[in-house]
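A look at the structure
The lines below spell out each chain.
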Amino acid sequence: MEPSPKDGESAAAAEPGRGGTAPSSGVVVQVREKKGPLRAAIPYMPFPVAVICLFLNTFVPGLGTFVSAFTVLCGARTDLPDRHMCCVFWLNIAAALIQVLTAIVMVGWIMSIFWGMDMVILASKYA
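Residues numbered from 1 in each chain as written. Predicted model: local features only at pLDDT ≥ 70, side-chain atom pairs only at ≥ 80, totals over all residues. Heavy atoms only, no water.

In the nomenclature of an unreviewed UniProt entry, the protein chain corresponds to STUM protein from the organism Nicator chloris. In its Subcellular location (unreviewed entry) section, the UniProt entry covering the protein chain states "Membrane". (UniProt positions renumbered as here; feature names shortened; annotations may be inferred.)

Backbone geometry places Met106, a non-glycine residue, at a positive phi of 70°. One can find Met106 in the loop between helix H5 (85–101) and helix H6 (107–126). According to the relative accessible area criterion, Met106 is partly exposed, its value standing at 42%. (Helix = DSSP H or I, 4+ residues; strand = E, 2+ residues; numbered from the N terminus. Buried < 20%, exposed > 50% of the residue type's maximum accessible area, 1.4 Å probe, protein only.)

As enumerated under the stated definition, the model contains four aromatic pairs in all. A centroid spacing of 5.2 Å and a plane angle of 65° characterise the contact between Phe70 and Phe89, whose relative ring orientation is edge-to-face. Of the two residues, Phe70 sits in helix H4 (residues 63–73) while Phe89 sits in helix H5, which places them 19 residues apart along the sequence. Three or more aromatic residues link up through ring pairs in this structure, and these residues are Phe66, Phe70, Phe89 and Trp90. (Phe/Tyr/Trp six-rings, centres within 6.5 Å; stacked < 30°, edge-to-face > 60°.)

Here it is as structure tokens:
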């Protein structure tokens, strides 16, 4: 049994993508990531340096984060523009220390790897 033309027309009108006239309402949603002070202290480094820091963080937890702290002293930009350079340096040293101390229970090692991946992501946005 084939549907009558009236049934076909009402079905097409009910589906917005099939030639029907459905009400159009556009909603724009903007998502902004709120970063904590440690996460915002990750410096925007050149891509090769970020990859080296990721490599170091993968095999020696916290070492790449420690190296990245010194890039702040060399002028690397961070998401904490209102903080002094020395404060951001010490935040990165604190993150490296947390990674080293908690690496025994694997939390620091995982955190260290994710920290290195964040460095590479930020470096790819910087380039």
